[in-house]
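Understanding the architecture of this molecule
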Amino acid sequence: MATVLEVEGVRKHFGGIAAVDGVSFTVEEGEILGIIGPNGCGKSTLFNCILGQLLPTAGRVKLDGADVTGLNPEDMNRRGVSRTFQLLQVFPELSVRENLILAGQEHQGTMLGRLFGPRDAGLTAAADRMIGFFKLQHLADARAGGLSYGQQKLLDAAMAFMAGPRLVLLDEPAGGVNLTMLGDLKERLKAMNAEAGATFVVIEHNMDFVMSLCTRVLVMAEGKVLAVGTPAEIRANPAVIDAYLGH
Amino acid sequence: MSASRVDGVLVTLIAGAAILWFAPAGMGRYGTYVLSLWLVTAVAVMGLNLTLGIAGLKSLAQAAFMGIGAYATALLTTKAGVGWFSAFAISGALCFAAGLLLGFPALRVKAHYLAFVTLAFSTLVWLVLRNEQWLTGGVFGISNIPRPVVFGVRTDNALPFHRFVVAVTLILALILWWLVRSPWGRAFLALRENPVRAASLGVNIRAYTLLAFAIGSAYAGFAGALYAPLVEFIDPSPFQLSASFFLLLMVVAGGSGYQLGPFVGALLGVVLPEWLRFTGGLYLIIFAAIVIGLLIACPQGVLGLIERGWTAIRRRPMVGNTPVKDAV
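Residues numbered from 1 in each chain as written. Chains lettered and ligands numbered in written order. Predicted model: local features only at pLDDT ≥ 70, side-chain atom pairs only at ≥ 80, totals over all residues. Heavy atoms only, no water.

What chain A contains, in helices and strands, is 10 helices and 10 strands. Radius of gyration (C-alpha) of chain A: 18 Å, near the 18 Å computed for a compact globule of 247 residues. Overall, the C-alpha framework of chain A stretches about 55 × 40 × 35 Å when taken along its three principal axes. Across the 247 residues in chain A, those meeting the buried criterion constitute 53%. Here the analysis covers contacts within chain A between residues at least 6 apart in sequence; of these, 67% occur between residues at least 24 apart. Approximately 9,700 Å² of chain A is accessible, and the part contributed by carbon and sulfur atoms is 53%. In chain A, the 22 positive side-chain charges and the 27 negative ones have mean positions that sit 1 Å from each other. (Helix = DSSP H or I, 4+ residues; strand = E, 2+ residues; numbered from the N terminus. Rg over C-alpha atoms; globule rule 2.2 N^0.38 Å. Buried < 20%, exposed > 50% of the residue type's maximum accessible area, 1.4 Å probe, protein only. Contact = heavy atoms within 4.5 Å. Areas by Shrake-Rupley, 256 points an atom, 1.4 Å probe, with all protein chains shown as cover. Lys, Arg positive; Asp, Glu negative; His and termini not counted. Charge placed at Lys NZ, Arg CZ, Asp CG, Glu CD.)

As C-alpha cells, then:
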C-alpha cells in the first residue's frame, strides 16, 4: 500500500500558544484514519495546516511523496484532496444539485473552456449519481439552505466526493446529526471507501462512530500525538483512557 | 434548471426591448431622452450587480468607471476621429483593465475595507477628470460629442439614438444573462456565499474575484460609451463619488443579485425623480422617503418584494423562483 499523506513534525503557533505541537503521522491508501481528542487539542488546526487554510509554523506535509506544505486550498483541492468543515458549509442559495455541480466544475477543463462549455459543466449526471448515492433524490431541486441539519451534513460530505478525490479530510461529519441519519452517513462513507477507493481522515467526537468506521485511530492531546493504533488498541490504552475516554 | 422551461428573465428582456423600441411614440424629445438615460444607467447598474450583487464584492467606483468610459469615448470620437463602435470597445477594454487592477486590493481586503479602497479610486478618477485640463477639458468638459452612424443610418435624433441604445442594452443584458447562467456565474455566487468553502472545492478565488471586478467595470465603461453621445456634452460632475453611491443604491433597491434588478433600480433612480417633478422642490425628499420605505419593507429590493408576493400567491416554499437561482 502506498502512503498518500505524510505529516512530519507540523507545528502551528498562535502567539505564544502551540495549537499543534509537532504532529507526525502517515495515511496509507484506502484506509480510514480517525483523529480524536478533547476540544481545543488542535485537531481542526491540524486539518487547516494540512490543507493550506493555515500556514504551519514548522514541519512538512507531503502528498504522494511530493512536498505540498503551504500550497493554497484551491491547489490542494485540484491535487485531489478535499474536505468538509466542522461547521456546516453548503451554499444555501443554490439547489442541492447546483451545490454538487459547483463542487465538481472547477475540475472540468480550463476556466475559459468552462465559460463556453455547457451550463452544468457536463456534471448533471454525476451530481445525480451522487444525490442517489447519498439518498437525497427527493431534494435534488430544493434550496440547500432549506434542508434539515442532517441532510445538509450529507450534502456537505457528498460535495467533498464530487471531484473524485484521492484523499478526503472530514471534520466532525457526525456532529449534530441524529441517530438514523448517522447510520446512513457511516454506511455511505464506508461504501465510498470500499467502492471508490477513497482514503479518509476523520475528526470525530462520537466514539461509536469512530471506532466502527475507522481502520486506525490517532489520539491528540494538547497539540501532540498521544497514541496511534487500531480501535481496539486505543480503547485499551491507559494513557488515552486517562486523557480522553474516561474510566 | 430543466432546459425545457422557458426562462422568465430571457422573455422579459426580449419583450421589454420590443416595447421600449416603440415606447417613445408621442413622448417627445425629453421623454425619449429620459428613457434612453434609464437604459444607459441600467447598463452601469448591471455591471455593479455582477460585482456586488452576485459576486459580493463591495465597490464604490462604478460611476468613476462610467466616467472613464464616457471620457474615453468622448475623446476618441471628438479628437482622435475614431468611430463610435471602436471607441465603445476601447472604453470597455480600458475599464476591464482598470477593474482588474482595482481587483487586486480585493484579494487582500474585504467588505468595508474594500469599499474604502474603491472610494479612494473613485475620488482619484474624479480629480483627474477635473484637474487634467489638457486632456479632459477640466470643469468645461467636452462638448459636441457625435452620435454613432449605424449601418449608414445617422442616430442624431432622439428616436433613432434611443433605438440604438435599446439594441445595445439588450445585447449587453443577454451577454450578462448568459454569463450568470454559466459555470462562471455559479463560481461568482460561491464567492459571495462562502469563499472559504469555495476555495476548498478548487474554485480559483483570485481569478474569479479579479474577473468579477473587471467585467463589472467593463459594463460601466460600456455605459459611459453610451452616455457620452446621449448627452453630447460631458463634465466631471456626473461621475463623482455621490454618483457611485447612487448606482449602488439602484442595485440594492432593484434587488441585489436579481438579473432584472438593475432595470428596476435604474427606473427608480432615473425615471421616478422625473415623475416626481410636479412636486417641485420636494421631489428629492419624496424620492428619499420612497427608497427608505422600500428598503425597510423589503431589504431584498423591489424584485425581492415581488418574489415574496409571488411565493405567497403560489403557497409553496421558496424554491428556485428567483432569476439568480434559476440562472445558476
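Continuing now.
Residue and element names in this part refer to chain A. Spatial ordering of the open sheet is given by E6-E7-E8-E3-E9-E10, a layout of 6 strands whose pairing is mixed. The sheet is open, and its two borders are formed by strand E6 (81–83) and strand E10 (224–229), each paired with just one other strand. Taken over all neighbouring pairs, the strand axes of this sheet differ in orientation by 20 degrees on average, direction set aside. Bridging between strand E3 (residues 32–36) and strand E8 (residues 199–203) involves 4 bridges; their strand directions are parallel. The residue of E8 that forms the bridge with leucine 33 is valine 201. Helix H6 (residues 149–161) rests against E6, strand E7 (167–171) and E8 of the sheet, and its axis sits at about 155 degrees to E7. (Pairing = 2+ DSSP bridges. Axes fitted to C-alpha atoms, helices over the stretch in contact; angles between N-to-C directions.)

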